[in-house]
Amino acid sequence: MNRMRCSQPGDSKQASRASLPGSDDILRKQLPNGLTILVRENFASPAVVISGYINAGALDESPERYGLAGFTGDVMQRGTRNRTFRQLYADVESIGATFGLNTATTTSSFAAKGLADSLPLLLDVLADILRRPSFPERQIEKVRAEIVTDLQERRHDTRRMASLRFYELAYPKDHPYHWSQLGYESTIHAITREDLITFHQDNFGPEDAVIVVVGGIQMSEAAAMVEEAFGDWETSRVPRASMPPAPPLTERRTSRETLEDKTQSNLVVGWPGPSRRHPDFIPCYVANTIFGTFGMYGRLGTNIRERHGLAYYIYSRVDGGPGPGPWRILAGVNPANVDQGLSLIRDEIRRLQDTPVSDEELADSQSYLTGSLPLHLETNEGVARSLVNIERHGLGLDYLRTYQPMIRAITTEDVQRVAQQWLDADHDAVSIAEPEAVSEGKS
Amino acid sequence: MNKPHPPFADVRYVALDNGLKVFAQRSATAPVVSLWVWYRVGTRNEHPGITGVSHWVEHMLFKGTDRWPSGRADQVISREGGVYNGMTWQDFTTYYETLPVDRLELALDLESDRMQNAAFREEEVNSERTVIISERQGHENSPHFLLSEEVIAAAYRVHPYGHETIGHLCDLRAMTADDLQRHYAMYYTPNNAVIAVAGALDPDVIIERIADIFEAIPKGRPVPPVHLVEPPQRGERRVQINGAGQTNYVQIAYHIPQAVHEDFHALTVLNAILSGGSGFIVGRGRITNYTSRLYGALVEGELAVSVHGSLAPTVDPGLYTIIATVWPGRAHADVEARLSEEIDRLHQEKVTQEEIEQAKRQAKALFAFSSESISHQAFWLGFSSIFADTDWLTSYLTSLERITVEDVQRVAQTYLIPDNRTVGWYLAQTPQRQTTR
């Protein structure tokens with residue numbers, strides 16, 4: 001193909017590598033209380049983004065209080081000792097800014113975004129909700145109603161039910177991934193204001209917490225503002241359970257959930273996968289790109305959606321994350337095509353294990369992963385997301401600059417080895433949520 | 001150090017001899033270029049029998065041509081680290097590629113090829129039929145879709161905005177490769193298209209290159225005009241959907257004017273005050289609405305667990321829609337009554353100056369967020385030229401700035417009246433017979 005005759009000189013990949021964030025243009029500072037600050041300037045943007053996390057999450061819940069971490073996080077955003085609910089949002093919404101706190105298994109992630117001059121206000125608001133929540137009685141009941149409504153909506157949502165049952169199949173009951181972070185109606189109804197207050201006191205502190213600022217603000221100025229808001233936070237959290245490993249599946253586990261009044265089936269097939277820090281993560285990530293991500297969703301998309309027209313969507317993902325997050329395949333299919341789709345998915349798994357991928361296929365996926373880096377880093381949010389991950393998984397400030405050779409070092413043998421190691425077409429967790437009529441008479 | 005500069009400050013525009021309009025702007029925030037090709041075809045250009053045809057044609061344009069066989073574009077663009085996709089809606093079908101800056105040629109080659117050479121092979125059309133029906137079934141699993149489809153169908157009895165972009169199931173079953181081919185031949189012409197490019201390149205050079213490639217494509221026949229006009233609504237319309245679930249919803253839709261109408265910006269401000277500020281399509285829904293009037297009335301009042309409002313700039317008159325999720329155990333009628341009280345308040349009393357100022361500050365911030373990335377800048381250049389022109393875009397904030405408390409009251413009194421609305425209730429049916437095996 002002709003290169004653009006008027007293109008500017010230089011290779012795009014060289015150009016982009018030079019502008020990738022690294023140790024010489026990211027400010028990193030650790031405060032005595034254990035909080036780590038990362039800042040990256042972007043004066044091309046009129047906006048500023050804050051992103052970070054606290055080490056508190058569903059891992060810290062007891063079985064009779066599933067959903068407590070998320071419930072606590074939601075109510076923390078509904079009023080503080082300095083600001084009522086109305087004041088909190090009047091301050092932020094009146095300038096078109098936004099903030100939020102979202103609780104997962106091991107961490108509670110927070111984020112805020114506004115025009116650059118709103119940084120001091122946004123930091124003050126975040127410090128308020130993280131350090132000084134007031135847990136107003138009335139807001140607790142409102143949040144409870146919201147969660148219960150969400151749980152009721154989930155019961156009638158094929159995609160969400162397929163996912164819920166998948167985690168129950170793929171992880172044993174003593175693993176936190178077995179349980180829903182949202183909780184269950186029975187546990188949500190049982191949670192008291194005291195539970196929320198205690199959960200916050202016990203688990204929210206600056207130790208190993210991270211806060212990233214990216215946008216049109218000077219690095220030293222931003223770091224000083226973060227220190228001002230969080231430097232005197234001295235709460236230390238109670239010791240926490242460690243993330244347990246997940247045993248590999250030794251049998252096929254299947255759940256078929258029928259939902260009334262639905263027309264499409266949703267399907268999840270998968271296994272416990274490598275954590276982000278596991279040495280197999282990067283080879284798995286490359287293998288998964290070939291399998292279910294590249295272009296229109298890799299081999300799965302090409303063969304099952306494009307060639308057979310069997311699915312509206314099909315893709316796969318390997319989560320990584322702090323624990324053994326799943327490697328899974330997700331699909332939305334016509335109810336009549338579920339069994340054929342499943343059989344084709346298993347054929348693709350075996351093909352990835354039995355036959356080495358071609359050099360061209362591997363090179364294409366490597367090229368996609370390295371070439372798309374500038375696109376992921378185009379916005380402040382994209383940069384902030386990368387910096388949070390770098391800190392969270394101990395990847396090093398020059399990670400983005402070493403990413404390309406790391407991806408290119410993966411071989412076809414690596415891909416085959418990890419496919420054999422982590423995927424198993426005979427011992428898998430299969431969760432299907434489908435319309436009522438179709439499944440009658442089946443299984 | 002780069003200084004922030006307002007996007008869309010220096011847009012270049014040319015119209016080629018074959019009628020193709022081209023917009024380009026330099027944006028050097030990342031070594032990336034984004035190309036969007038827009039066709040003025042969507043739900044608006046469909047009629048019963050071929051509903052959903054525009055969206056289906058979009059799918060077929062990813063099936064390959066002789067020059068770009070199936071899967072080739074996917075492979076070539078992805079291995080450059082690029083992304084590409086398509087989107088169909090009421091007034092448009094658009095295709096985009098965002099790529100490393102020196103790979104723009106790939107996108108130009110692909111798009112100039114599929115402007116003329118898309119194939120509609122019988123077996124591929126049939127294979128895609130299953131995919132599209134499956135997409136519709138995925139939508140049907142959602143109570144929101146079911147309710148919204150019913151509400152818009154009742155709100156429009158003449159204009160084609162009354163059906164969803166995905167189309168009716170019967171049409172998806174019946175349409176043929178010939179139907180798709182005919183639609184493509186009619187609307188995929190340079191005179192019915194707009195190209196928008198943003199990226200770290202000289203815009204004059206981009207335009208010159210686009211002219212080189214696209215000028216060779218012959219001008220097509222003028223597209224059939226859409227003469228359908230929705231008659232004024234002369235009384236409230238009501239619909240009800242019974243469906244599975246435990247959660248109830250109330251949706252209310254008012255007819256509002258098109259994007260270029262003088263009242264559109266006042267309605268944008270009204271929506272921000274009533275239900276919270278939001279952007280259009282890209283970057284929408286990014287800020288909370290807890291200080292909005294409806295949140296205060298319905299959610300603080302424990303009648304609803306959430307409430308949202310939305311409007312979009314369209315070629316022909318559109319809808320302003322409010323949807324509330326009913327608080328567990330509360331009645332639809334109570335939610336509707338409280339919502340109507342808040343609308344009445346907009347008729348009776350002027351909003352405060354502070355509310356107007358907040359709406360404008362929110363719009364300014366949302367506009368900055370939604371035009372932050374190069375892809376979104378190119379999106380906006382193309383999108384605005386579909387329903388108006390780039391002046392609409394560049395003057396968006398100043399147009400909002402001019403809105404007064406009197407304007408908000410006037411548009412509330414004009415459009416947010418019972419005769420002009422369609423009310424939909426989603427009634428969740430219990431008990432459940434859900435089982436797990």
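Everything that follows concerns the structure shown earlier in this document.
Secondary structure summary: chain B contains 16 helices and twelve strands in total. The C-alpha radius of gyration computed for chain B amounts to 23 Å, which stays within 12% of the reference 22 Å derived for 437 residues, consistent with globular compactness. When the backbone C-alpha atoms are referred to their principal axes, chain B occupies close to 60 × 55 × 45 Å. Counting every position in chain B, which comprises 437 residues, the buried fraction comes to 64%.

The final tally for this structure, using the stated rule, is 68 salt bridges over all chains. The shortest N-O distance in the salt bridge between Glu128(B) and Lys63(B) comes to 2.9 Å. Residue Glu128(B) is located in helix 4 (residues 122–140), and its partner Lys63(B) is located in the loop between helix 1 (53–60) and helix 2 (72–79); the two are separated by 65 residues in the primary sequence. Looking at Glu128(B), the relative accessible area reads 1%, which means it is buried. Residue Asp407(B) is joined to Arg410(B) by a salt bridge in which the shortest nitrogen-to-oxygen separation is 3.4 Å. Within this pair, Asp407(B) and its partner Arg410(B) are both found in helix 16 (residues 405–415), separated by three residues, close to a single helical turn. On the basis of relative accessibility, which here comes to 18%, the residue Asp407(B) falls in the buried class. On the basis of relative accessibility, which here comes to 35%, the residue Arg410(B) falls in the partly exposed class. One salt-bridge network, held together by shared partners, links Asp24(A), Asp25(A), Arg40(A), Asp398(A) and Arg401(A).

All names here are of chain A. It is the contact of helix 4 (residues 119–131) with helix 9 (residues 219–230), at a shortest axis distance of 9 Å, that shows an interaxial angle of 30 degrees. The angle between the axes of helix 4 and helix 9 places the two elements in the roughly parallel class. Of the two possible hands of crossing, helix 4 and helix 9 adopt the one that is right-handed. Side by side, helix 4 and helix 9 meet where Leu119, Pro120, Leu123, Leu126, Ala127, Leu130 and Arg131 of the first sit next to Ala222, Met225, Val226, Ala229 and Phe230 of the second.

This part takes up the side chain of Glu97(B). All names here are of chain B. By the element assignment, Glu97 lies in strand 5 (residues 93–100). The exposure class of Glu97 is buried, given its relative accessible area of 1%. A polar side-chain atom of Glu97 sits 3.3 Å from a polar atom in the side chain of Arg114.

Our next topic: the interface of chain A and chain B. Contacts between the two partners involve 92 residues from chain A and, on the opposite side, 88 residues from chain B. Counting each side, the surface lost to burial between chain A and chain B is near 7700 Å², with a carbon and sulfur contribution of 49%. Here chain A is connected to chain B by eight salt bridges. We note a salt bridge from Glu300(B) to Lys142(A), for which the minimum N-O separation is 3.2 Å. Linking chain A to chain B there are 33 residue pairs in polar contact (both at pLDDT 80 or more). Here the side of chain A that touches chain B is built from residues that sort into 25 nonpolar, 36 polar and 31 charged.

This brings us to the packing of helix 9 (residues 264–275) of chain B against helix 12 (residues 353–370) of chain B. All names here are of chain B. Helix 12 packs onto helix 9 with a crossing angle of 105 degrees between their chain directions and a minimal axis gap of 9 Å. When the interaxial angle is binned, helix 9 and helix 12 end up roughly perpendicular. Residues Val269, Ala272 and Ile273 of helix 9 touch helix 12, and the partners they reach there are Glu355, Ile356, Ala359 and Gln362.

On to the packing of aromatic side chains. Within the structure shown, the criterion is met by 45 aromatic pairs over all chains. Ring centres of Tyr297(A) and Tyr315(A) lie 6.1 Å apart, and the angle between their planes is 45 degrees; this geometry places the pair in the tilted category. Taken together, the residues Tyr297(A) in helix 11 (residues 294–307) and Tyr315(A) in strand 9 (residues 311–318) connect sequence positions 18 residues apart. The class for Tyr315(A) is partly exposed, based on a relative accessible area of 25%. For the ring pair Phe62(B) and Tyr84(B), a centre distance of 5.4 Å and an interplane angle of 55 degrees mean the geometry is tilted. Note that Phe62(B) is positioned in the loop between helix 1 and helix 2 and Tyr84(B) in strand 4 (residues 83–88), a separation of 22 residues in sequence. Accessibility assignment for this pair places Phe62(B) and Tyr84(B) in one class, buried.

So, on to unusual backbone geometry. One non-glycine residue, Asp261(A), lies in the positive phi region at around 65 degrees. Locating Asp261(A) in the fold gives a position in the loop between strand 7 (253–259) and strand 8 (265–272).

Rules behind the numbers
- Each chain carries its own residue numbering, running from 1 in the direction its sequence is written.
- Starting at A for chains and at 1 for ligands, labels are handed out in the order in which the entities are written.
- With pLDDT at 70 or above as the cut-off, local features in this predicted model cover only qualifying residues; side-chain atom pairs require 80 or more to be listed or tallied, and sums for whole chains, interfaces and linings still use all residues.
- Side-chain numbers come from the whole structure's heavy atoms, not from hydrogens or water.
- The numbering of helices and of strands both runs from the N terminus, where a helix is a DSSP run of H or I of at least 4 residues and a strand a run of E of at least 2.
- Throughout, the radius of gyration refers to the C-alpha atoms, and the reference size of a globule is 2.2 Å times the residue count to the power 0.38.
- Type-normalised accessible area, obtained with a 1.4 Å probe on protein chains alone, sets the label of each residue: buried when under 20%, exposed when over 50%, and partly exposed for intermediate values.
- We count a salt bridge whenever a side-chain nitrogen from Lys or Arg sits within 4 Å of a carboxyl oxygen from Asp or Glu.
- Interaxial angle, 0 to 180 degrees, is taken between N-to-C directions of lines fitted to C-alpha atoms, where a helix line uses only the stretch in contact.
- By the definition adopted for this analysis, an angle is roughly parallel if under 35 degrees, roughly antiparallel if over 145, roughly perpendicular if from 65 to 115, and oblique otherwise.
- Helix crossings fall into two classes, left-handed where the near helix is turned counterclockwise from the far one by less than a right angle and right-handed where it is turned clockwise.
- Pairs of residues are marked as contacts when any of their non-hydrogen atoms sit within 4.5 Å.
- Within 3.5 Å is the distance limit for a polar contact, defined as a pair of N or O atoms, with the added protein rule that one can donate a hydrogen and the other accept it, and that residues adjacent in sequence qualify only through two side-chain atoms.
- Summed over both partners, the accessible area lost on bringing two parts together, with a 1.4 Å probe, is the buried area.
- Under the convention adopted here, Pro, Cys and the residues Ala, Val, Leu, Ile, Met, Phe, Trp and Tyr are nonpolar, Asp, Glu, Lys and Arg are charged, and Gly plus all remaining residues are polar.
- Here a pair means two rings of Phe, Tyr or Trp (six-membered ring of Trp) with centres within 6.5 Å. Their orientation is stacked below 30 degrees between planes, edge-to-face above 60, and tilted elsewhere.

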